[in-house]
Number of protein chains: 2
Amino acid sequence: MEFHYPNGKPFRKPAEKKLSGKEKSYSHGKRGMTLEEDLNETNDYYVASGQAVIHKKPVPVQIVTVDYPKRSAAVIKEAYFKQASTTDYNGVYNGYYIDFEAKETRNKTSFPLQNFHQHQLDHMEQVTKQKGIAFVIIRFSSTEDIYLMPYKQLRIFWNRMQKGGRKSMTKEEVEENSYAIPLGLHPRIDYLKIIDHLIKSNDEQD
Amino acid sequence: MEFHYPNGKPFRKPAEKKLSGKEKSYSHGKRGMTLEEDLNETNDYYVASGQAVIHKKPVPVQIVTVDYPKRSAAVIKEAYFKQASTTDYNGVYNGYYIDFEAKETRNKTSFPLQNFHQHQLDHMEQVTKQKGIAFVIIRFSSTEDIYLMPYKQLRIFWNRMQKGGRKSMTKEEVEENSYAIPLGLHPRIDYLKIIDHLIKSNDEQD
């Protein structure tokens, strides 16, 4: 089955074109895709297949100077990166509000908490209070292990750090407090399956 | 009661400081607030009071050149404005996904549909299919009349235009197919009240 983007462009499995006969397995690392690229393709796939409407927000920029040349587009001549006040991704999935941050590390044995910021944790807390689903997707890039950690679990390690504890989560802690997401062909990071599971367990608790 | 932003800064009613004893009524036009500024303050108020978590997305920018001077922040030296692929505002309110675009016109008798784009309509359609709540907030700046028009109503006028009909909605059409939002002190544009009403009427239809 072929999916189409809303603009009519067909959705192609990016790997199809590049895999030659010799490469039997899908080698992710070799192709050098970042977590962000994988998630963008996943989200494009979800939109194209009508499963969810989740997008990455634009990078926040403080614009200082703009040139307006005659007969051509405005050019930003001076601008600075701003720290985001929320998480990077949000959207809607079958009536549920979805909100997450995605980060990767080259560390092999632990995930540094400095990848997140206090205001992002606060934002996820607010989202949770509004009955939204907040989480982080983290990747250990050396092994390509990807995990979805619900906000409530992340908060435990965050609080430990704030009380003077370690500034990272060990890989074992991540494994015990997250859901592993197997890397797929398309979508590459099928995190909605985990969300289904989260929703189901929440419903059972009610 | 005083509300606080998540960063601990107290939420101040912006008008309080500026209104002198002589000015009895809140004069919006004089202070030159744009619809965007009013909505940002409204959303800040909603977050500070724990009512909803709704934010404006950053302006999308295509970054071409970045300078990394020693010992100071990276400077974007060349960048261009990109057209947004979604609406400008989204977030979560009591478990409901909220998604909207906000536009104002100086026209007195009609609202030009060119304020919106095809892909924004498509985005709102997708959001509606995912059981999100999609709408537009429009303002006639000369009279300061503000309306919330649900996506489904907007789509009717959009389709009429695409079939060769008029490229705007008359003010009467807006009035008949929208909910007027009275301008308040704080929040300035209390659109959540209309959302409550929309949710209630949807529930009654089910």
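Visitor: Before we go on, may I ask you to explain the relation of the copies chain A and chain B in this structure?
Guide: The two chain copies are connected by a rotation around an axis plus a translation along it. For the pair chain A and chain B, the relating rotation is 180°, the translation along its axis is 0.0 Å, and the fit reaches an RMSD of 0.0 Å. The operation mapping one copy onto its partner corresponds to a two-fold rotation axis. Here 100% of the contact residues of chain A are again contact residues in chain B; the copies associate through an equivalent surface.

Visitor: What am I meant to see in the interface of chain A and chain B here?
Guide: In many analyses, interface size is given as the accessible surface area lost on bringing the parts together. Across the boundary between the two partners, chain A contributes 35 residues, which contact 36 residues of chain B. Of all the secondary-structure elements, those providing two or more residues to the side of chain A that touches chain B are β1 (53-56), β3 (75-81), β4 (89-93) and α4 (118-129) of chain A. At seven residues, β3 of chain A tops the list of elements feeding residues into the side of chain A that touches chain B. Of the residues that constitute the side of chain A that touches chain B, the class distribution is 19 nonpolar, ten polar and six charged. Both β3 of chain A and strand β5 (residues 75-81) of chain B contribute to a ladder of three bridges, which runs antiparallel.

Visitor: Before we go on, may I ask you to explain helix α3 (residues 35-48) of chain A in this structure?
Guide: Since the α-helix packs 3.6 residues into each turn, any two residues three or four apart lie on the same face. Over its 14 residues, α3 of chain A runs 20 Å from end to end, which matches the ideal 20 Å to within 8%, given 1.5 Å per residue. Along α3 of chain A, the residues classified as buried are D38, L39, T42, N43, Y45, Y46 and V47 of chain A. Those residues of α3 of chain A that are buried are in contact with β1, β4, β5 (96-105), β7 (133-140) and α7 (192-205) of chain A together with α4 (118-129) of chain B. Trailing α3 of chain A by a residue or two, G50 of chain A shows a phi angle of about 70°, which is positive.

Visitor: When you look at helix α5 (residues 151-162) of chain B in this model, what are you seeing that I'm missing?
Guide: All names here are of chain B. The first and last C-alpha atoms of α5 sit 16 Å apart over twelve residues, in line with the 16 Å expected at 1.5 Å per residue. For α5, the complete set of buried residues consists of Y151, L154 and F157. Down the axis of α5, the sector holding all buried residues measures 125°, keeping them to one side. Away from the buried face of α5 by more than 90 degrees, exposed residues I156 and N159 are located. Residues of α5 that are buried in the fold lie against α4, β9 (133-140), β10 (145-150), β11 (168-170) and α6 (171-177).

Visitor: Got a minute to help me understand the environment of G184 of chain A in this structure?
Guide: Its place among the elements puts G184 of chain A in the loop between β10 (179-180) and α7. Once the C-alpha coordinates of G184 of chain A and I195 of chain A are considered, the two residues, eleven residues apart in sequence, prove to be 16 Å apart.

Visitor: So what exactly am I meant to see when it comes to the pairing of strand β4 (residues 61-67) of chain B here?
Guide: As a general feature of sheets, a regular strand has side chains that alternate between the two faces. Residue and element names in this part refer to chain B. With zero of seven residues buried, β4 lies mostly on the surface of the structure. In this sheet, β5 lies alongside β4 in antiparallel orientation, the contact comprising six bridges. Paired with I63 across the bridge in β5 is A79.

Visitor: Where do I start with the environment of V47 of chain B in this structure?
Guide: Within the element layout of this structure, V47 of chain B appears in helix α3 (residues 35-48). V47 of chain B gets classed as buried once you count the C-beta atoms within 10 Å, which come to 23. Beyond its immediate sequence surroundings of up to four residues, V47 of chain B is in contact with Q126 of chain A together with V53 of chain B.

Visitor: Help me out: how do you make sense of the nonpolar core in this one?
Guide: Taken as a class, soluble globular proteins show a tendency for nonpolar side chains to be buried jointly. Membership of the largest hydrophobic core comes to 77 residues, with the highest contact counts inside it found for V92, I98 and I137 of chain A together with V92, I98 and I137 of chain B. Non-local contacts of V92 of chain A, meaning those with residues more than four positions away in its chain, are made with A52, V53, Y97 and I98 of chain A together with Y97, V127, Q130 and G132 of chain B.

Visitor: For this particular structure, what's the right way to read the sheet that holds strand β6 (residues 89-93) of chain B?
Guide: Two modes of strand pairing occur in sheets, parallel and antiparallel, and in both the strands are linked by backbone hydrogen bonds. All names here are of chain B. Read from one edge of the open sheet, six strands run β3-β6-β7-β9-β10-β12, paired in mixed fashion. Looking at strand neighbours, the two that pair on one side only are β3 (53-56) and β12 (179-180), the edges of this open sheet. Contacting β9 and β10, α5 crosses the sheet at an angle of about 90° to β10.

Visitor: Is there a simple way to think about unusual backbone geometry in this case?
Guide: The bulk of non-glycine residues show a negative phi, and the bulk of peptide bonds are trans. Residues and elements named next belong to chain A. Here H186 and P187 are connected by a cis peptide whose omega angle stands at 0°. Mapped onto the elements of the fold, P187 is located in the loop between β10 and α7. Non-glycine residue E144 carries a positive phi angle of around 60°. Within the secondary structure, E144 is located in the loop between β7 and β8 (145-150). The partly exposed category is assigned to E144, around which 15 C-beta atoms lie within 10 Å.

Visitor: Is there a simple way to explain the pairing of β9 of chain B in this structure?
Guide: Residues and elements named next belong to chain B. Most of β9 is tucked away: seven of the eight residues are buried. In this sheet, β9 lies alongside strand β7 (residues 96-105) in parallel orientation, the contact comprising eight bridges. Bridging from a neighbouring strand, F100 pairs with F135 of β9. Across six bridges, the pairing between β9 and β10 is antiparallel. Bridge assignment links F140 to a residue of β10, and that residue is D145. Adjacent in sequence and paired antiparallel, β9 and β10 are bridged by four residues, among which E144 carries a positive phi angle near 60°.

Visitor: Would you mind going over the sheet that holds β4 of chain A with me for this structure?
Guide: Residue and element names in this part refer to chain A. Spatially, the six strands line up as an open sheet ordered β1-β4-β5-β7-β8-β10, and their pairing is mixed. Here the strands that pair on one side only, and so sit at the sheet edges, are β1 and β10. Pairing analysis gives five bridges linking β4 to β5, with the strands arranged antiparallel. Counterpart to Y93 in the pairing with β5 is Y96.

Visitor: What am I meant to see in the environment of S141 of chain B here?
Guide: All names here are of chain B. You can see S141 is positioned in the loop between β9 and β10. Residue class for S141 comes out partly exposed when judged on the 16 C-beta atoms lying within 10 Å of it. In this structure the C-alpha to C-alpha distance between S141 and K57, which are 84 residues apart in sequence, comes to 23 Å. In contact with S141, not counting residues within four places along its chain, are E104, T105 and R106.

Definitions and cut-offs
- Residues numbered from 1 in each chain as written.
- Chains lettered and ligands numbered in written order.
- Predicted model: local features only at pLDDT ≥ 70, side-chain atom pairs only at ≥ 80, totals over all residues.
- Least-squares fit on C-alpha atoms with pLDDT ≥ 70 in both.
- Contact = placed C-beta atoms within 7 Å.
- Helix = DSSP H or I, 4+ residues; strand = E, 2+ residues; numbered from the N terminus.
- Nonpolar A, V, L, I, M, F, W, Y, C, P; charged D, E, K, R; others polar.
- Pairing = 2+ DSSP bridges.
- Expected span 1.5 Å × (residues − 1).
- Buried ≥ 20, exposed ≤ 12 C-beta atoms within 10 Å, placed from the backbone.
- Arc of directions from axis to C-beta.
- Core = buried A, V, L, I, M, F, W, Y, C linked by C-beta atoms within 7 Å.
- Axes fitted to C-alpha atoms, helices over the stretch in contact; angles between N-to-C directions.

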